[in-house]
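This is what each chain is made of:
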Amino acid sequence: MDGMKKHFLLPVDQPVSANIALICEKLGCDKSDLGLFLMDNPDPLRDDLSIPEQVESLDAFFFLQRGCFAIEGGIKATDQYLQHRDEILERTHILPSDRDRKIELAAIVCHIEHGPFAPDLCSNISEQLFEMWEIKNDRGSIEMLEGEWLRCDGMTKEQSSFRFVQVCRSLSTYGAATFPAVRSKQ
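For the structure given in this document, a descriptive report is provided here. None of the values given here were measured: they were computed from a predicted structure.

Time to look at the side chain of Ser 160. Looking at the secondary structure, you find Ser 160 in helix 6 (residues 157-170). By relative accessible area, which is 0% here, Ser 160 ends up buried. Engagement of the side chain of Ser 160 in a polar contact is seen with the side chain of His 111, the distance being 2.9 Å. When near neighbours in sequence (up to four residues on either side) are disregarded, Ser 160 contacts Ile 108, His 111, Ile 112 and Met 155.

A word on the packing of helix 3 (residues 99-114) against helix 4 (residues 119-132). The interhelical angle for the contact between helix 3 and helix 4, taken along N-to-C directions, is 125°, at an axis separation of 12 Å. In terms of their interaxial angle, helix 3 and helix 4 are classed as oblique. For the crossing formed where helix 3 meets helix 4, the hand is right-handed. Contact residues: helix 3 offers Ala 106, Cys 110 and His 114, while helix 4 offers Leu 121, Ile 125 and Leu 129.

Turning next to the nonpolar core. Ranked by internal contacts, the top residues of the largest apolar core, which has 26 residues, are Leu 105, Trp 133, Leu 145, Trp 149 and Phe 164. Of all elements in the fold, only helix 2 (77-89), helix 3, helix 4, helix 5 (139-151) and helix 6 reach the threshold of two or more residues within this core. Ranked by the residues each element gives to this core, the list is headed by helix 3, at eight residues. In this structure, Cys 24, Leu 45, Ile 51 and Val 55 belong to the second largest nonpolar core, which totals seven residues.

Procedures and definitions
- Residues numbered from 1 in each chain as written.
- Predicted model: local features only at pLDDT ≥ 70, side-chain atom pairs only at ≥ 80, totals over all residues.
- Heavy atoms only, no water.
- Helix = DSSP H or I, 4+ residues; strand = E, 2+ residues; numbered from the N terminus.
- Buried < 20%, exposed > 50% of the residue type's maximum accessible area, 1.4 Å probe, protein only.
- Polar contact = N/O pair within 3.5 Å; in protein donor to acceptor, adjacent residues only side chain to side chain.
- Contact = heavy atoms within 4.5 Å.
- Axes fitted to C-alpha atoms, helices over the stretch in contact; angles between N-to-C directions.
- Parallel < 35°, antiparallel > 145°, perpendicular 65-115°, else oblique.
- Left-handed = near helix turned anticlockwise from the far one by under 90°.
- Core = buried A, V, L, I, M, F, W, Y, C linked by side-chain atoms within 4.5 Å.

Everything listed is a geometric property; what it means functionally is a separate question.
This is the structure in structure tokens:
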């Protein structure tokens, strides 16, 4: 949470919800929208099961993350993805200024909406995509888009949606909205 690193010994025989409550009690924070994740896995652990019932090894690292809206024991990242994507593309949220982040987000969108990387498809949509994301259309950008799109291969649509949301939330402009300027009548 918020880049804070803390270490806790957790009772492994308790359900995940009890462990989250214990951590939040020690940190003094609200547990309403927290999820417990296994490192490098986009899906949160289920609240109603203990940690050993859900992982192969207890030697792994776990982390808490805000903004996990439980829906039938899981997270529905596709809805959050659609909301974030639309807000960025409609410019109600500020686009990241970093070219690499823009390309990373554009590649994740390509994977979600067009499937695994396909060179022909990439060359066909790159010009429109770069215009939409305000990215300079040059050979370096195209190569980076191809590489980022290839990195998504092997991810499900749900995992890619979750990754998109994670990248959006990591941006320094996350939560900043744009509003039309209006002259005052004076």
